[in-house]
Amino acid sequence: GVVTAVAQARFFPIERRMTDADLLFETRDFDKAATLYRDLVDNPAFATHPGYQQTVFKLAESLFALRNYVSAARYYRMAAGPQAGPRRYTALARLFETAVRLQDFQGLQEFESMAAAPSGGTPEVWYAYGRFLYHRGDRMRALTQFGRIPAEAPGYARARYFMGVVQTSSHRLDAALAASP
């Protein structure tokens, strides 16, 4: 089982474990992939490896797919940090998604500052941060985030829907109508 896979993985070089974990990830065997990724991430010698940040991200994604949101959030925090790689913004968006799923809106101030900054990411981040704010009850700030999403972005229609909901709940019916895509 999983224990055997971990025991065997410890005897293989790091590159082999990464390849095996990536193959499991790509074939959607997230449980086994997470085990191998966690083994890599928890290995202090791996922290300086060029594939470290991508492995942290894929561990978080595997845990998210398994609906282990508490653990996924831990690794998304690492993957969204200032030293993170090219998937930083995707990790940041997922961190906000996990917070909404867990209904845990505390301790994300550093990441909120990153998302709210003028250079704070991508439409995916703005949408996820807007949903986070919306579910936390900060509807007017959510409205601002949803408004940052350009019309050509994939989440535009969903953002406009949330803008309409916020405007309707604030009894701004003309603005709600204008927000509809």
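Rules of the game
Residues numbered from 1 in each chain as written. Predicted model: local features only at pLDDT ≥ 70, side-chain atom pairs only at ≥ 80, totals over all residues. Heavy atoms only, no water. Helix = DSSP H or I, 4+ residues; strand = E, 2+ residues; numbered from the N terminus. Buried < 20%, exposed > 50% of the residue type's maximum accessible area, 1.4 Å probe, protein only. Areas by Shrake-Rupley, 256 points an atom, 1.4 Å probe, with all protein chains shown as cover. Axes fitted to C-alpha atoms, helices over the stretch in contact; angles between N-to-C directions. Left-handed = near helix turned anticlockwise from the far one by under 90°. Contact = heavy atoms within 4.5 Å. 1 Å grid on protein atoms, 1.4 Å probe; cavity = no way out; pocket = protein on both sides within 12 Å on 5 of 7 lines; lining within 4 Å. Points joined across faces, edges and corners; volume = space filled by probe spheres on them. Nonpolar A, V, L, I, M, F, W, Y, C, P; charged D, E, K, R; others polar. Salt bridge = Lys/Arg side-chain N within 4 Å of Asp/Glu carboxyl O. Core = buried A, V, L, I, M, F, W, Y, C linked by side-chain atoms within 4.5 Å. Expected span 1.5 Å × (residues − 1). Parallel < 35°, antiparallel > 145°, perpendicular 65-115°, else oblique. Polar contact = N/O pair within 3.5 Å; in protein donor to acceptor, adjacent residues only side chain to side chain.

Would you take a moment to explain the overall build of the chain for this structure?
Scanning the chain from N- to C-terminus turns up 11 helices and zero strands. By the burial criterion, 45% of the 181 residues in the chain qualify as buried. For the chain, the exposed area adds up to about 9600 Å²; of that, 55% sits on carbon and sulfur atoms.

Help me understand the packing of helix H2 (residues 14-26) against helix H4 (residues 52-65), please; the structure alone is not making it clear to me.
Each pair of packed helices can be summarised by the angle the axes make with each other and by the distance between the axes. Remark: H2 packs on H4, axes separated minimally by 11 Å, with the N-to-C direction vectors making an angle of 35°. Classified by chirality, the crossing of H4 by H2 is left-handed. Seen from H2, the contacting residues are Met-18, Asp-22, Phe-25 and Glu-26; seen from H4, they are Thr-55, Lys-58, Glu-61 and Ser-62.

Before we go on, may I ask you to explain empty space enclosed by the protein in this structure?
Empty space left among the atoms is revealed by rolling a probe the size of a water molecule over them. Summed over the entire model, instances satisfying the criterion amount to one cavity of 30 Å³ or more. Here the largest cavity defines a volume of roughly 30 Å³. When residues of the lining of the largest cavity are assigned to their parent elements, the largest contribution, three residues, is made by H4. Among the residues making up the lining of the largest cavity, the classes are represented as two nonpolar, three polar and two charged.

Would you mind showing me how to read the pattern of salt bridges here?
A side chain with one charge can pair with a side chain of the opposite charge if their charged atoms come near. All told, the structure shown has 10 salt bridges when counted by the stated rule. Here Lys-58 makes a salt bridge to Asp-22, at a shortest N to O gap of 3.3 Å. Of this pair, Lys-58 sits in helix H4 while Asp-22 sits in helix H2, placing them 36 residues apart in sequence. Each of Glu-112, Arg-136, Asp-138 and Arg-141 takes part in a single network of salt bridges with overlapping partners.

Hey, could you run me through the nonpolar core in this one?
The nonpolar side chains of a soluble globular protein tend to be buried, and buried together. In this structure, Tyr-76, Leu-92, Phe-96, Phe-111, Phe-132 and Phe-146 are the most contacted members of the largest nonpolar core, which totals 56 residues. When residues in this core are grouped by element, the largest group, eight residues, is from helix H8 (residues 123-136). For Leu-92, the contacting residues outside a window of four places in its chain are Ala-80, Phe-111, Met-114, Ala-115 and Val-125.

Explain H8 to me, please; I cannot follow it from the model alone.
Three or four residues apart is the spacing at which side chains of an α-helix point the same way, because the helix has 3.6 residues per turn. For H8, spanning 14 residues, the distance from its first C-alpha to its last is 20 Å, which sits close to the expected 20 Å at 1.5 Å a residue. Considered for burial, the residues of H8 that qualify are Val-125, Trp-126, Tyr-127, Ala-128, Tyr-129, Gly-130, Phe-132, Leu-133 and Tyr-134. Its buried side turned inward, H8 meets helix H6 (88-102), helix H7 (109-116), helix H9 (139-147) and helix H10 (156-169). The first or second residue beyond H8 is Gly-137, which carries a positive phi of 100°.

It is not clear to me how the packing of H8 against H10 should be interpreted in this structure. Could you clarify?
Viewed as axis vectors pointing N to C, H8 and H10 meet at an angle of 25°, and their least axial separation amounts to 11 Å. When the axes of H8 and H10 are compared, the pair comes out roughly parallel. Judged by the twist between their axes, the crossing of H8 over H10 is left-handed. Between H8 and H10, the contacting residues are Tyr-127, Arg-131 and Tyr-134 on the first element and Arg-158, Ala-159, Phe-162, Val-165 and Val-166 on the second. Considering only residue class, the contact of H8 with H10 consists of six nonpolar, no polar and two charged.

Got a minute to help me understand helix H3 (residues 30-41) in this structure?
With 12 residues, H3 extends 16 Å between its outermost C-alpha atoms, agreeing within 8% with the 16 Å of an ideal straight helix rising 1.5 Å per residue. Within H3, nine of the 12 residues are buried, leaving the element largely enclosed by the surrounding structure. Within the sequence span of H3, burial applies to Phe-30, Ala-33, Ala-34, Thr-35, Leu-36, Tyr-37, Asp-39, Leu-40 and Val-41.

Before we go on, may I ask you to explain the side chain of Glu-61 in this structure?
Along the chain, Glu-61 turns up in helix H4. Glu-61 sits in the buried class, given a relative accessible area of 14%. A distance of 2.4 Å separates polar atoms of two side chains, one belonging to Glu-61 and the other to Tyr-76. Apart from residues no more than four positions distant in its own chain, Glu-61 is found in contact with Phe-25, Tyr-76 and Arg-94.

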